[in-house]
Amino acid sequence: MKAARARTPRRPRKGTNPALRDPVGVYCRVRPLSRADHECCIEVVSDTTVQLHPPDAFRVCRNGEYRETQYSFKEVFGTLVEQKELFDVVAKPLVEDLIRGKNGLLFTYGVTGSGKTHTMTGSPGDGGLLPRCLAMIFNSIGPFQAKRFVFKLDDKNGVDVQSEVEALLERQRREALPIPKTPAGKKQLDPDFADMIDAHDGCRAEEVDEDNVYAVFVSYVEIYNNYIYDLLEEAPFDSIKPKPPQSKILREDQNHNMYVTGCTEVEVKSTEEAFEVFWRGQKKRRIANTQLNRESSRSHSVFIIKLAQAPLDADGDNVLQEKEQITLSQLSLVDLAGSERTTRTKAEGSRLREAGNINQSLMTLRTCIEVLRENQLYGTNKMVPYRDSKLTHLFKNYFDGEGKVRMIVCVNPKAEDYEESLQVMRFAEMTQEVEVARPVDRPLCGLTPGRRLRNQAFREELSRKLQLRGGPVAAGPEEQSAAELFFQSFPPLPSCELLDINDDQTLPKLIETLEQRHKMRQMLAEEFAKNVLAFKTMLQEFDSSVASKENYIQGKLAEKEKTITGQRTEMERLEKKIKTLEYKMEILEKTATIYEEDKRNLQQELESKSQKLQRQASDKRRLEARLQGMVAETSLKWEKECERRVAAKQLEMQNKLWVKDEKLKQLKAIVTEPRAERPERPSREREREKPLPRSVSPSPAPAVPVTPLRPRRSRSAGERWVDHRPAGHVPTETLLQPRVPRAITVEAPSERALARCDRYLLTHQELASDGEIQTKLIKGDVFKTRGGGQAVQFTDIETLRQESPTGRKRRSSPPDADPAGSECTDVETRCSVAVEMRAGSALGPGFQHHAQPKRRKP
């Protein structure tokens, strides 16, 4: 963060009255449309108000929402206003202040193509404000101008007075230059601007001090790319290596006024000569052809008119040589370059840079106006950034209280300039709130007025009646002056020529005549003394009456001043109240703007939320439809799967029923055949207590192999088997033994053995329900996995079981029980362990066995 820089306290300005302030006068001028079929967006409501309404294209872009706005100015000039009317209202008061010794600033502001240059310069046959200002100045001071070079400007924004001899020598030196200047009155005017000057315009100022002499100096500069150039500078032309114009710098004089150092200032004596100087500089001004204007000003032009005036001496013959009595006032006429948007002008290269500098300087001007307004409304003391731009730096004196400031806002009512015109109107309306201190009138010199007229009358009288070394000229009594009559009342002098030494008459007659004249002189002196005394008495009486009247007037003035003081106090109170209310209104407007912005944001958020909810609802509907399709597809799939499983289960149950039926048939055949008395079946408790010797082979009995329902065919004889027999395998010593050709017998499967074989055989032994050993041969295929290992998929099971006919015992039954029922019960009990086949498995048939028979409750 930058450290705060200490500000230099503002110096009090001479010749200003801080208590009296005037607002900046802002006027609006609406130019006519170039074509009648163009859409108009600006309407003049009254003499002080204009209304802007958005064009149709703007309403479409803003969804039909638009608002008409009104702006008020000091006066509004419509499309039919004449240059004369505009001059009388806006510029004429500034010219009158210039002649009274006060400064003034008039500038035109607006977008490109709004008529600023036309307002300031004019067009052929219709001169603008600048030529009319020059014509009014010279119409007012024409008879009272000093000779050329009597006033001489110095290099420090001051003026000196030269004597008649010095001015004559200066004129002779200028006339001796190689290229003498032809007097303006003897030279034909340039046809380009001849009809812009109205020679018959008799506009003149009402109050012109005839006891002063005047001189007019003009200068013309432009501010281009934030550099100041002198348009009247006569640079030597070099065709081989032309030199670019040198920029000028700004300085501050002893009165703290800004001026352009080294700027050419030409003394002019007529309207034609002054406008010719202006036109010579106008040809050097930078203009260019853009998309919006065929002759667009690319720089800010400043035409400065300086008026030097000094009082005549007491005799009304010569100019006073005292520098304190010289008054130098100036009127600055500024034609600002138009603000523009590069997207519309299609500017590139240097034109783009010019547009950027123009917009930057205008933005600095707007910033300075805003800071001045804030300082005056709210009592702050913010630094005004005048130095950010050469334009504001040059004219900072006017805003600090060096003279009147007036602005003409030029607008183009066509629809394409609506947004730019809106910004211009806002800035112009805000500028009206800035107040400038009113300059005080210059002090009187203290000499008797009417000196010039008396001197002219004396000269005319002296030149008409007197001759060199001669007496009064003979003339009729009606043409004789009072002095001549007075001298003629004396006795005539006799001839004083002595022709003879003895002449004694001439001298006595001369003495007598002189004595008579002496007596008459004494009488006239006494009469004059009496008249003087009477006149003194009258003056004393007049002084006493004047004193009494002054006392009376002073009393009245004191009363009026008290009344005025009370009214001023009331006005100050009301002004403070107005400022407070304006501040509150501004706060309320800002609050309303914030609420409106929040409202728009909430509306946009609500719309976005609604759209999001709509999208979610549509996604939900699509997801529901998709899920319904998936549910229907899954339901159909599971229905088919259930049907397949039900069919498989039915087939399995049918197979089980068939197996049971076969078993029942075999049991029935065994039961029904004649056999010897069966031994008593030991109880299950004793069988459980008696351990089964696994090492002892069962009694020889025919082995009944049980195979699956759907046996697989054996593969080719060239396949190799892995014969997996656990370490606890018990040999059964049956006649039917499993024989596996080309087998590798292992106690535990290994990856090496599985990699060398194609089939796998697991021998599993378990205790059957009847206490016999049951052997199961579980077969499977060996295949390679993607990871490089080996896997086994079981495909078939063979069961080897031994049965002993003598070892079976039926369950005892009551005597009255049905033998058939007993047989069925015994069969069910003995067939409680069975081989179950799983149908429909992807890995082939499975198996399930029970190591111990199920126990029944007693």
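Quantities reported herein were computed from a predicted structural model and do not represent experimental measurements. (Residues numbered from 1 in each chain as written. Predicted model: local features only at pLDDT ≥ 70, side-chain atom pairs only at ≥ 80, totals over all residues. Heavy atoms only, no water.)

Participant: Break down the overall build of the chain for me, citing the residues and quoting the values.
Facilitator: Across its full length, the chain carries 17 helices and 29 strands. At a minimum sequence separation of 6, the contacts of the chain that also span at least 24 residues come to 70%. Counting every atom, the chain has about 55,700 Å² of accessible surface; 53% of that belongs to carbon and sulfur. (Helix = DSSP H or I, 4+ residues; strand = E, 2+ residues; numbered from the N terminus. Contact = heavy atoms within 4.5 Å. Areas by Shrake-Rupley, 256 points an atom, 1.4 Å probe, with all protein chains shown as cover.)

Participant: Could you give an account of the pairing of strand β22 (residues 403–411), naming the residues involved and the relevant values?
Facilitator: Across the nine residues that make up β22, a large majority, eight, are buried. Of the pairings in the sheet, the one linking strand β2 (residues 25–30) to β22 comprises six bridges and is parallel in character. Bridging across to β22, valine 26 finds its partner in methionine 407. For strand β7 (residues 103–110) and β22, the ladder comprises eight bridges, and the chain directions are parallel. Residue pairing for β22: asparagine 103 is matched across the bridge by glycine 403. (Buried < 20%, exposed > 50% of the residue type's maximum accessible area, 1.4 Å probe, protein only. Pairing = 2+ DSSP bridges.)

Participant: Quick rundown of unusual backbone geometry? Include the residues and the values.
Facilitator: You will see that asparagine 225, though not glycine, has its phi angle at about 55°, which is positive. Its place among the elements puts asparagine 225 in the loop between β12 (212–224) and β13 (227–230). Since its relative accessible area comes to 12%, asparagine 225 is described here as buried. In this structure, asparagine 226 takes a positive phi of about 65° despite not being glycine.

Participant: I'd like to hear about the sheet that holds strand β4 (residues 49–52), residue by residue, with values.
Facilitator: Overall, antiparallel pairing links the three strands, which are arranged β3-β4-β5 in an open sheet. Looking at which strands have only one partner, the edges of the open sheet turn out to be β3 (42–44) and β5 (69–72). Ignoring which end each strand starts from, the neighbouring axes of this sheet average 25° apart. Pairing analysis gives three bridges linking β3 to β4, with the strands arranged antiparallel. Each residue of the ladder has a partner; that of valine 44, found in β4, is valine 50. (Axes fitted to C-alpha atoms, helices over the stretch in contact; angles between N-to-C directions.)

Participant: A description of the packing of helix α2 (residues 83–99) against helix α4 (residues 129–141) should follow, citing residues and the corresponding values.
Facilitator: What describes two packed helices is the angle between their axes and the distance between those same axes. Between α2 and α4, whose axes approach to 9 Å, the crossing angle comes to 45°. As far as their axial angle goes, α4 and α2 are oblique. In this structure, α2 meets α4 at a crossing whose hand is right-handed. Contact residues: α2 offers Gln83, Lys84, Leu86, Phe87, Ala91, Lys92, Val95, Glu96, Leu98 and Ile99, while α4 offers Leu129, Arg132, Cys133, Met136, Ile137 and Ser140. (Parallel < 35°, antiparallel > 145°, perpendicular 65-115°, else oblique. Left-handed = near helix turned anticlockwise from the far one by under 90°.)

Participant: Can you tell me about the packing of aromatic side chains, naming the residues and giving the values?
Facilitator: With the rule as written, the count across this model stands at 10 aromatic pairs. Ring centres of tyrosine 109 and phenylalanine 427 lie 4.9 Å apart, and the angle between their planes is 55°; on these two criteria the pair is classed as tilted. With a gap of 318 residues between them, tyrosine 109 in strand β7 and phenylalanine 427 in helix α11 (residues 418–431) connect regions that are remote in the sequence. Through a chain of ring-to-ring contacts, the aromatic side chains of Tyr220, Phe275, Phe278, Trp279 and Phe303 assemble into a single cluster. (Phe/Tyr/Trp six-rings, centres within 6.5 Å; stacked < 30°, edge-to-face > 60°.)

Participant: Report on α11, specifying residues and quantitative values.
Facilitator: Helical periodicity: at 3.6 residues per turn, an α-helix aligns residues three or four positions apart in one direction. Between its first and last C-alpha, α11 extends 20 Å over 14 residues, near the 20 Å set by a 1.5 Å rise per residue. Burial of α11 is extensive: 10 of the 14 residues sit out of reach of the surface. Within α11, burial applies to Tyr418, Glu420, Ser421, Leu422, Val424, Met425, Phe427, Ala428, Met430 and Thr431. (Expected span 1.5 Å × (residues − 1).)

Participant: Before we move on, can you summarise the pattern of salt bridges with the specific residues and values?
Facilitator: For the structure shown, the criterion picks out 32 salt bridges. Across the pair lysine 323 and aspartate 160 runs a salt bridge, and its minimum N-O distance is 3.0 Å. With a gap of 163 residues between them, lysine 323 in the loop between β20 (300–311) and β21 (327–335) and aspartate 160 in strand β11 (residues 159–161) connect regions that are remote in the sequence. Lysine 323 sits in the partly exposed class, given a relative accessible area of 46%. What makes aspartate 160 partly exposed here is its relative accessible area of 32%. Glutamate 433 is paired through a salt bridge with arginine 373; the nearest N and O atoms lie 2.2 Å apart. (Salt bridge = Lys/Arg side-chain N within 4 Å of Asp/Glu carboxyl O.)

Participant: Summarise the confidence of the model for the chain; cite the residues concerned and give the values.
Facilitator: When pLDDT is averaged along the chain, the result is 78, and 74% of the positions lie at 70 or above. The low-confidence segment residues 808–858, where pLDDT is below 50, has 76 contacts with residues more than four positions distant or belonging to other chains. (pLDDT = per-residue confidence, 0-100.)

Participant: Any details on the side chain of lysine 306? Residues and values, ideally.
Facilitator: Locating lysine 306 in the fold gives a position in strand β20. Reaching out from lysine 306, the side chain makes a polar contact with the side chain of asparagine 157 at a distance of 2.7 Å. Reaching out from lysine 306, the side chain makes a polar contact with the side chain of glutamate 265 at a distance of 2.7 Å. (Polar contact = N/O pair within 3.5 Å; in protein donor to acceptor, adjacent residues only side chain to side chain.)

Participant: Tell me about a nonpolar patch on the surface, and name the residues and values.
Facilitator: On the surface, a nonpolar cluster with roughly 310 Å² of combined accessible area is contributed by Tyr552, Ile553 and Leu557. Along the chain, the position of isoleucine 553 falls in helix α14 (residues 506–672). (Patch = residues over 30% accessible without salt bridge, like charges linked within 9 Å, V, L, I, M, F, W, Y side chains within 5 Å.)

Participant: Outline the packing of α4 against helix α6 (residues 271–282), listing residues and values.
Facilitator: In contact at an axis separation of 9 Å, α4 and α6 are set at 150° when each is read in the N-to-C sense. Classed by the angle they form, the pair α4 and α6 counts as roughly antiparallel. Between α4 and α6 lies a crossing whose hand is right-handed. Where α4 abuts α6, its residues Leu130, Pro131, Leu134, Ala135 and Phe138 lie against Thr271, Ala274, Phe275 and Phe278. Residue composition of the contact of α4 with α6, by class: eight nonpolar, one polar and no charged. (Nonpolar A, V, L, I, M, F, W, Y, C, P; charged D, E, K, R; others polar.)

Participant: Could you give an account of the pairing of strand β27 (residues 759–767), with specific residues and numbers?
Facilitator: Counting buried residues in β27 gives seven out of nine residues, a clear majority hidden from the surface. Here β27 runs beside strand β28 (residues 773–784); their pairing, made up of nine bridges, is antiparallel. Residue pairing in the sheet places histidine 764 in a bridge with lysine 776 of β28. Once β27 ends, the chain turns through five residues before running back antiparallel as β28, passing glycine 771 with a positive phi of about 90°.

Participant: Describe the environment of histidine 518, with residues and values.
Facilitator: Mapped onto the elements of the fold, histidine 518 is located in helix α14. On the basis of relative accessible area, histidine 518 is assigned to the partly exposed category, the value being 43%. A polar atom in the side chain of histidine 518 sits 2.6 Å from the side chain of glutamine 522.

Participant: Just give me the short version of the environment of serine 72, but keep the residues and values in it.
Facilitator: Counting through the fold element by element, serine 72 comes out in strand β5. When its relative accessible area of 37% is taken as the criterion, serine 72 is described as partly exposed. The spatial distance from the C-alpha of serine 72 to the C-alpha of tyrosine 27 is 9.3 Å, given a sequence separation of 45 residues.

Participant: Explain the state of the cysteines to me, and be specific about the residues and the numbers.
Facilitator: Scanning the model with the defined rule gives zero disulfides in all. Looking at cysteine 41, it has no disulfide partner, and the nearest cysteine sulfur is the one in cysteine 40, 6.1 Å off. (Disulfide = S-S within 2.5 Å.)

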